[in-house]
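Residue-level structure breakdown
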Amino acid sequence: MTTGFFWDERCFWHAGGNYVFTLPVGGLVQPQVTGGLPENPETKRRLKNLMDVTGLTAELAAQSASPAEWDDLLRVHPESYLTEFKRLSDAGGGELGLRTPFAAGGFEIAALSAGLSIAAVDAVLTGGLENAYALSRPPGHHCLPDFPNGFCLLANIAIAIETAKARHGLGKVAVLDWDVHHGNGTEAIYYDRDDVLTISVHQEGNYPVDTGAIGDRGRGAGQGFNLNVPLPAGAGHTAYLAVMDEIVRPALDAFEPDMIIVACGFDASACDPLARMLATADTFRQMTLRMKDAARDLCDGKLVLVHEGGYSEMYVPFCGHATIEALSGSAITAPDPMAETFDIRQPSPRFDAFLREVVRDAAEVLRVPVG
């Protein structure tokens, strides 16, 4: 048994429009030489390059996959949305939602990104792989069924889940989203259902600003099956691990999933331009190890990580390498060059005590049995 790594060079070719940060060029927003959206190919390409250089890629079952089929996309997205997306893509590109521009061929690349997620889930579910990482791009956790936003054009994880349910009868799935931004798309898709537990750990009031409240617990049959853990800006290593131990693991134990999927964003890192958190490469390593333990105890090790955000070209590769080291159990490491300086910048004892209180309070609020 081994760890799968699903990637495709074509996903790095997904392109947005002429932007500076998240602002379109024009008026007083001057173009820059290296302009573009923060969601650019270099964070993912540099992760893959680092893995190649250290030799980690060679230890994995690295492979591509077929694009998601139209019928698979229809399990989550209405035909009207897909048709308009395909039309604009064929016409040279455009923008369907908020901060989701795409160039010609954007539909096909997004379908390939979803296809990587489908293949990773399929291979782990059917026993071909122990666990897997899908380097999907464009990302997916902000995408609603009929409205893309936050750089996300198709709901990759939801598409993979629904395809696995249709093809293989997959039962209960837990989705843990540790991207620094609220996983509003995944939440919306499963808000009324009790067969998918959604847990989002995110920076409070970051993006989207109107979702992710701790009181949003699901609706109808889904009541209690949606957990939001908004953390104050500045939360670091200790707070994230406390959330894993005091909120996420108890929820997983109660739910008893048949598979765990992680929406794996690295934008909670200490130098990400779109967030103000203090996670380190070791934070992601330790969270991954905890999810491996949970998957081993609850669902025969069935664990898939799907790449979401992370916008520091320098640091995402080290966070991703640490994560995949832990996922695969490899002895190959890529020592974190920022470890010392980011450790010094962790929350003070006084602020850390406050953060632990925030986590304890959240655990108390969210202590509604699921399963």
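Since the structure is predicted, the reported quantities are computational estimates derived from the model, not experimental observations.

**Considering the overall build of the protein chain**
Looking only at helices and strands, the protein chain has 11 helices and 12 strands in total. The C-alpha atoms of the protein chain give a radius of gyration of 19 Å, which matches the 21 Å a tight globule of 371 residues would have. Across its three principal directions, the C-alpha atoms of the protein chain cover 55 × 45 × 45 Å. Among the 371 residues that make up the protein chain, the fraction classed as buried is 59%. Contacts spanning at least 24 positions in sequence make up 77% of the contacts within the protein chain whose residues lie at least 6 apart. Of the roughly 13900 Å² of accessible surface on the protein chain, 53% is carried by carbon and sulfur atoms.

**With respect to helix α8 (residues 281-298)**
Between its first and last C-alpha, α8 extends 26 Å over 18 residues, near the 26 Å set by a 1.5 Å rise per residue. Listed in full, the buried residues belonging to α8 are Ala281, Thr283, Phe284, Met287, Thr288, Met291, Ala294 and Ala295. Along the long axis of α8, the arc covered by the buried residues comes to 150°, so they all point the same way. Those residues of α8 hidden inside the fold are in contact with β8 (173-177), α7 (237-255), β11 (259-264), β12 (303-307) and α9 (316-328). At the exit of α8 stands Asp300, carrying a positive phi of roughly 55°.

**Quick word on the pairing of β8**
Within β8, 5 of the 5 residues are buried, which leaves the element mostly enclosed by the surrounding structure. Where burial is concerned, the two faces of β8 agree: the one with Val173, Val175 and Asp177 and the one with Ala174 and Leu176 are both buried. With 5 bridges connecting them, β8 and strand β9 (residues 196-203) associate as parallel partners. Residue pairing in the sheet places Val173 in a bridge with Val196 of β9. The β-α-β motif built from β8, the intervening helix α6 (residues 184-190) and the parallel element β9 has right-handed crossover chirality. As defined by bridge partners, β8 adjoins β11 across 5 bridges and the pair is classed as parallel. Note on β11: the bridge partner recorded for Leu176 is Val262.

**So, the side chain of His237**
Mapped onto the elements of the fold, His237 is located in helix α7. Ignoring sequence-local partners within four residues, the contact set of His237 consists of Leu278, Thr280, Asp282, Thr283, Gln286 and Gln346.

**Describing the pairing of β11**
Burial within β11 is extensive, with 6 of its 6 residues counted as buried. In β11, alternate side chains face the same way, and those of Met259, Ile261 and Ala263 on one face and Ile260, Val262 and Cys264 on the other are all buried. Pairing analysis gives 5 bridges linking β11 to β12, with the strands arranged parallel. When the bridges of β12 are listed, Ile261 appears paired with Val304. What joins β11 to β12 is α8, and the crossover it makes is right-handed.

**Topic: the pattern of salt bridges**
Taken as a whole and judged by the stated rule, the model has 24 salt bridges. Among the salt bridges present, the one from Arg75 reaches Asp72, with a minimum N-O distance of 3.3 Å. Assessed through its relative accessible area of 37%, Arg75 is described here as partly exposed. Classification of Asp72 as buried rests on a relative accessible area of 2%. In this structure, Arg167 engages Asp72 in a salt bridge whose closest nitrogen and oxygen atoms are separated by 3.0 Å.

**Thoughts on the sheet that holds β12**
Read across the open sheet, the 8 strands follow the order β4-β1-β7-β12-β11-β8-β9-β10; overall the sheet is parallel. With partners counted over all chains shown, the strands left at the sheet margins are β4 (61-63) and β10 (226-231), one partner each. Strand-to-strand, the axes of this sheet are offset by a mean angle of 15°, without reference to chain direction. When strand β1 (residues 3-6) meets strand β7 (residues 131-134), the two strands line up parallel, connected through 4 bridges.

**Focus: the packing of helix α3 (residues 79-90) against helix α4 (residues 106-125)**
Running from N to C, α3 and α4 cross one another at 125°; their axes reach a closest spacing of 7 Å. Between α3 and α4, the angle falls in the class oblique. Judged by residue contacts, Leu82, Phe85, Lys86, Ser89 and Asp90 of α3 engage Gly106, Phe107, Glu108 and Ala110 from α4. In the contact of α3 with α4, the residues fall into 4 nonpolar, 2 polar and 3 charged.

**Here's the deal with the confidence of the model for the protein chain**
On average, residues of the protein chain score 96 in pLDDT, and 98% of them reach the 70 mark or higher. Highest mean pLDDT in the protein chain belongs to β12 (99); lowest belongs to strand β2 (residues 19-20) (83).

Analysis parameters
Residues numbered from 1 in each chain as written. Predicted model: local features only at pLDDT ≥ 70, side-chain atom pairs only at ≥ 80, totals over all residues. Heavy atoms only, no water. Helix = DSSP H or I, 4+ residues; strand = E, 2+ residues; numbered from the N terminus. Rg over C-alpha atoms; globule rule 2.2 N^0.38 Å. Buried < 20%, exposed > 50% of the residue type's maximum accessible area, 1.4 Å probe, protein only. Contact = heavy atoms within 4.5 Å. Areas by Shrake-Rupley, 256 points an atom, 1.4 Å probe, with all protein chains shown as cover. Expected span 1.5 Å × (residues − 1). Arc of directions from axis to C-beta. Pairing = 2+ DSSP bridges. Right-handed = clockwise from strand over helix to strand, strands pointing away. Salt bridge = Lys/Arg side-chain N within 4 Å of Asp/Glu carboxyl O. Axes fitted to C-alpha atoms, helices over the stretch in contact; angles between N-to-C directions. Parallel < 35°, antiparallel > 145°, perpendicular 65-115°, else oblique. Nonpolar A, V, L, I, M, F, W, Y, C, P; charged D, E, K, R; others polar. pLDDT = per-residue confidence, 0-100.

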